[in-house]
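Spelled out from the first residue to the last, the chains are:
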Amino acid sequence: QVQLVESGGGLVQAGGSLRLSCAASGRTFNRYGMGWFRQAPGKEREFVAAIGLGVGNTDYADSVKGRFTISRDIGKNTLYLQMNSLKPEDTAVYYCAAAQDYGIHRTSYEYGSWGQGTQVTVSS
């Protein structure tokens with residue numbers, strides 16, 4: 001099992017940027033796929049981005065492609081989500097998650113560990 005703690009959320013104007021962090025502990029960080037999901041009020045949790053092993057092994061939802069970048073620092077056991085050109089529709093609670101294998105996944109059931117979430121609010 002891995003413990004995950006997100007940080008970096010906040011209030012930002014449309015067009016602005018935020019970087020979310022997810023500190024991981026409890027198991028070997030670099031052997032598993034990681035992902036970011038988000039959930040807006042009244043909506044289901046949705047996939048945002050995922051990262052597997054190896055350089056360039058990433059996947060993004062169409063809605064964030066070209067604006068968001070997922071990365072990880074193995075030495076710091078930390079996952080990141082750089083969010084640029086933010087839009088009001090990006091407003092949600094953002095969750096990081098650790099997969100149960102090294103692949104990249106879009107479905108939440110592939111992830112066995114979740115953080116508590118961090119709120120991102122984008123004003124128009």
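Residues numbered from 1 in each chain as written. Predicted model: local features only at pLDDT ≥ 70, side-chain atom pairs only at ≥ 80, totals over all residues. Heavy atoms only, no water.

### Comments concerning the nonpolar core
Here is step 1 of the chain: One finds Trp-36, Leu-79, Leu-81, Met-83 and Tyr-94 to be the most contacted residues of the largest nonpolar core, which totals 35 residues.
Here is step 2 of the chain: Broken down by secondary-structure element, the contributors of at least two residues to this core are strand S3 (18–25), strand S4 (34–39), strand S5 (46–51), strand S7 (68–73), strand S8 (78–83), strand S9 (92–99) and strand S11 (118–123). (Core = buried A, V, L, I, M, F, W, Y, C linked by side-chain atoms within 4.5 Å. Buried < 20%, exposed > 50% of the residue type's maximum accessible area, 1.4 Å probe, protein only. Helix = DSSP H or I, 4+ residues; strand = E, 2+ residues; numbered from the N terminus.)

### Things to note about the pattern of salt bridges
Here is step 1 of the chain: Evaluated as defined, the whole model comprises 5 salt bridges.
Here is step 2 of the chain: For the salt bridge of Lys-65 with Asp-62, the shortest nitrogen-to-oxygen distance reads 3.4 Å.
Here is step 3 of the chain: On the basis of relative accessibility, which here comes to 66%, the residue Asp-62 falls in the exposed class.
Here is step 4 of the chain: A single network of salt bridges, built from pairs that share partners, joins Arg-38, Glu-46, Arg-67 and Asp-90. (Salt bridge = Lys/Arg side-chain N within 4 Å of Asp/Glu carboxyl O.)

### Thoughts on unusual backbone geometry
Here is step 1 of the chain: A positive phi angle, close to 50°, is found at Asn-77, a residue other than glycine.
Here is step 2 of the chain: Tracing the chain through its elements places Asn-77 in the loop between S7 and S8.
Here is step 3 of the chain: You can call Asn-77 partly exposed: its relative accessible area is 26%.
Here is step 4 of the chain: A positive phi angle, close to 50°, is found at Ser-85, a residue other than glycine.
Here is step 5 of the chain: By the element assignment, Ser-85 lies in the loop between S8 and S9.

### Looking at the sheet that holds S7
Here is step 1 of the chain: Strand order in the open sheet formed by 4 strands is S1-S3-S8-S7, and the pairing between neighbours is antiparallel. The open sheet terminates on both sides in strands that have one partner only, identified here as strand S1 (3–7) and S7. Direction aside, the axes of adjacent strands within the sheet are offset by 15° on average.
Here is step 2 of the chain: Bridge count for S3 against S8 is 6 bridges, and the pairing is antiparallel. Pairing of Ala-23 across the sheet is with Thr-78, part of S8. (Pairing = 2+ DSSP bridges. Axes fitted to C-alpha atoms, helices over the stretch in contact; angles between N-to-C directions.)

### A short note on the pairing of S11
Here is step 1 of the chain: Side chains of S11 alternate between two faces, with Thr-118, Val-120 and Val-122 buried and Gln-119, Thr-121 and Ser-123 left unburied.
Here is step 2 of the chain: Where strand S2 (residues 10–13) meets S11, 4 bridges bridge the pair, whose relative direction is parallel. If you follow Val-12 over to S11, its bridge partner there is Val-122.

Any functional reading would require information beyond the geometric quantities listed.
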